[in-house]
Amino acid sequence: TSDNPDRSVAFYSTEMNQGMQERMRVESGLRHALGHGELALYYQPKFDILTGHIVGAEALVRWLHPERGIVPPAEFIPMAETTGLIVQLGEWVLEQACAQAAIWQRAGLPPLRLAVNVSAREFTPSLPGRVADTLKRYKLDPSWLELEITESTLMHDIERVIGIMDRINRLGVALSLDDFGTGYSSLSYLKRFPINTLKIDRSFTTGIPHDASDCAIAGTIISIGRQLRHRVIAEGVETLDQLEFLRQSGCDEVQGYLYAKPLPAGDFELGLRENWLL
Ligand code: C2E
Ligand code: CA
Ligand code: CA
Ligand code: CA
């Protein structure tokens, strides 16, 4: 209070310390997790909306915490992005996804694109080389890999970003623009990005078919995507009504709980054998 300024200063600094201590605790925990095999990739299938065939899967990281159980990425990815730990985490994710894809490639499965999420801080000129090296080490065909990048990546130096995208593209690795419409990137740049797919964010899918704005936004993204010759995928599809709206609007692919939640590799493989590859 104003009659006791010292007290409020003490209060704020204690609160700040607690926030900082919490961040440091999570950071050192995540560092430990990276080195001790506590991270795992879960895989969520993506389907062609017309044929119903599986076309790929998104790899989503989970922290298998010995005490806390399965920790979702929302609880550690933002911290990893601010501290820079995301770079090592991203290296692990790419490595792990390629190792898994190589196993499925060797098992003779039809090519499924495994999509890896790449944060803005990982999108540096060294990324294409690292991707090329990883593909080579696992003898993995590039058609098995896709990178999902968010609009925030594109807000940095555009020419530099396009240069990196071009190099990834030339490797034969697909690129998709994640969370499309939720950021601030200018539509005028969109035509210059060598991307294959636009991804409709779950925040828009959720309101379909009842929320008129969400329907309009999803419909507009689909229409822009088609005119630019990109594929369009909707994430977070949970109901048949949503699926029907998206189909009628010309969306190409779908992903969501209606089909499957993200699954550990073993369960995903079971899904492939018993359902999705039939
Ligand atoms: P995202 O890339 O937008 O991923 C989609 C999120 O929606 C995932 O949450 C997925 O599990 C969830 N989802 C998919 N379908 C449905 C549905 O039908 N209903 C509901 N309620 N949710 C659905 P998740 O796995 O918790 O990941 C959250 C975010 O964390 C991701 O959002 C992504 O931004 C980030 N992330 C996850 N893994 C990685 C990673 O390996 N690297 C990086 N840089 N970020 C990651
Ligand atoms: Ca994603
Ligand atoms: Ca995201
Ligand atoms: Ca999203």
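An unreviewed UniProt entry lists the protein under the name EAL domain-containing protein, with Massilia terrae as the source organism.

Enquirer: How should I be thinking about helix α3 (residues 86-106) in this particular structure?
Expert: The α-helix winds at 3.6 residues per turn, so residues separated by three or four positions along the chain end up facing the same way. Here α3 spans 30 Å end to end across 21 residues, near enough to the 30 Å set by a 1.5 Å rise per residue. Along α3, the residues classified as buried are Ile 86, Leu 89, Gly 90, Val 93, Leu 94, Ala 97, Cys 98, Ala 99, Gln 100, Ala 101, Ala 102 and Trp 104. The first or second residue beyond α3 is Gly 108, which carries a positive phi of 85 degrees.

Enquirer: Just to check I follow, could you spell out empty space enclosed by the protein for this structure?
Expert: Empty space among the atoms becomes apparent when a probe as large as a water molecule is rolled across them. Summed over all chains, the structure comprises one cavity of 30 Å³ or more. Its volume calculated, the largest cavity comes out at about 30 Å³. Lining the largest cavity we find Gly 90, Leu 94, Val 116, Val 118, Glu 122, Leu 127, Arg 130 and Leu 147. Every element with two or more residues in the lining of the largest cavity is listed here: α3, β4 (113-118) and α4 (127-137). Among the residues forming the lining of the largest cavity, the class breakdown is five nonpolar, one polar and two charged.

Enquirer: Sorry, what's going on with the coordination of the calcium ion (ligand 4) here?
Expert: Octahedral six-donor coordination of a metal ideally yields angles of 90 or 180 degrees, compared with 109.5 degrees for tetrahedral four-donor coordination. At this site the calcium ion (ligand 4) is bound by Asp 179 (OD), Asp 201 (OD) and Glu 235 (OE), with donor distances of 2.1 to 2.3 Å. Read in sequence order, the donor residues for the calcium ion (ligand 4) give the motif D-x21-D-x33-E. In this model, the calcium ion (ligand 4) sits 5.6 Å from the calcium ion (ligand 2). Residue Asp 179 is found in strand β6 (residues 174-180), and its partner Asp 201 is found in the loop between β7 (197-200) and α8 (202-205); the two are separated by 22 residues along the sequence. Residue class for Asp 179 comes out partly exposed when judged on its relative accessible area of 23%.

Enquirer: Could you clarify how one ought to interpret the site of ligand 1 in this entry?
Expert: As a matter of local geometry, ligand 1 sits amid 22 residues, with Gln 44, Arg 62, Ser 119, Glu 238 and Tyr 257 nearest to it. Between ligand 1 and Asn 117, the relevant distance is 3.1 Å, taken from an oxygen atom to a side-chain nitrogen or oxygen of the residue. In this structure, Asp 179 approaches ligand 1 through a side-chain N or O atom, which is 3.3 Å from an oxygen atom. Considered on its own, ligand 1 offers 810 Å² of accessible surface; in the complex 84% of this is hidden by protein.

Enquirer: Got a minute to help me understand the packing of α4 against helix α6 (residues 158-170) in this structure?
Expert: Between two packed helices, both the angle of their axes relative to each other and the distance between the axes serve to describe the pair. As a packed pair, α4 and α6 sit with axes 9 Å apart at the nearest point and diverge in direction by 15 degrees. By the angle between their axes, α4 is roughly parallel relative to α6. Remark: the crossing between α4 and α6 carries right-handed chirality. Residues Leu 127, Pro 128 and Gly 129 of α4 form the contact with α6, whose own contacting residues are Ile 164, Arg 167 and Ile 168. The class makeup of the residues in the contact of α4 with α6 is four nonpolar, one polar and one charged.

Enquirer: How do you make sense of unusual backbone geometry when you look at a structure like this?
Expert: Keep in mind that most residues, glycine aside, have a negative phi and that most peptide bonds are trans. Cis geometry marks the peptide bond from Ile 208 to Pro 209, where omega comes out at 0 degrees. You can see Pro 209 is positioned in the loop between α8 and α9 (212-227). We note that Asp 179 has phi near 50 degrees; this positive angle belongs to a residue other than glycine. Phi is positive for Arg 229, close to 65 degrees, though the residue is something other than glycine. Mapped onto the secondary structure, Arg 229 falls in the loop between α9 and β8 (231-234).

Enquirer: Help me understand the state of the cysteines, please; the structure alone is not making it clear to me.
Expert: Disulfide: a covalent bond connecting the sulfur atoms of a pair of cysteines. By the definition in use, this model includes zero disulfides. The thiol of Cys 251 is unpaired, and the distance to the nearest cysteine sulfur, on Cys 215, comes to 13 Å.

Basis of the calculations
- Residues numbered from 1 in each chain as written.
- Chains lettered and ligands numbered in written order.
- Predicted model: local features only at pLDDT ≥ 70, side-chain atom pairs only at ≥ 80, totals over all residues.
- Heavy atoms only, no water.
- Helix = DSSP H or I, 4+ residues; strand = E, 2+ residues; numbered from the N terminus.
- Expected span 1.5 Å × (residues − 1).
- Buried < 20%, exposed > 50% of the residue type's maximum accessible area, 1.4 Å probe, protein only.
- 1 Å grid on protein atoms, 1.4 Å probe; cavity = no way out; pocket = protein on both sides within 12 Å on 5 of 7 lines; lining within 4 Å.
- Points joined across faces, edges and corners; volume = space filled by probe spheres on them.
- Nonpolar A, V, L, I, M, F, W, Y, C, P; charged D, E, K, R; others polar.
- Donors = N, O, S within 2.8 Å, 3.2 Å for Na, K, Ca; no water.
- Near = heavy atom within 4 Å.
- Polar contact = N/O pair within 3.5 Å; in protein donor to acceptor, adjacent residues only side chain to side chain.
- Areas by Shrake-Rupley, 256 points an atom, 1.4 Å probe, with all protein chains shown as cover.
- Axes fitted to C-alpha atoms, helices over the stretch in contact; angles between N-to-C directions.
- Parallel < 35°, antiparallel > 145°, perpendicular 65-115°, else oblique.
- Left-handed = near helix turned anticlockwise from the far one by under 90°.
- Contact = heavy atoms within 4.5 Å.
- Disulfide = S-S within 2.5 Å.

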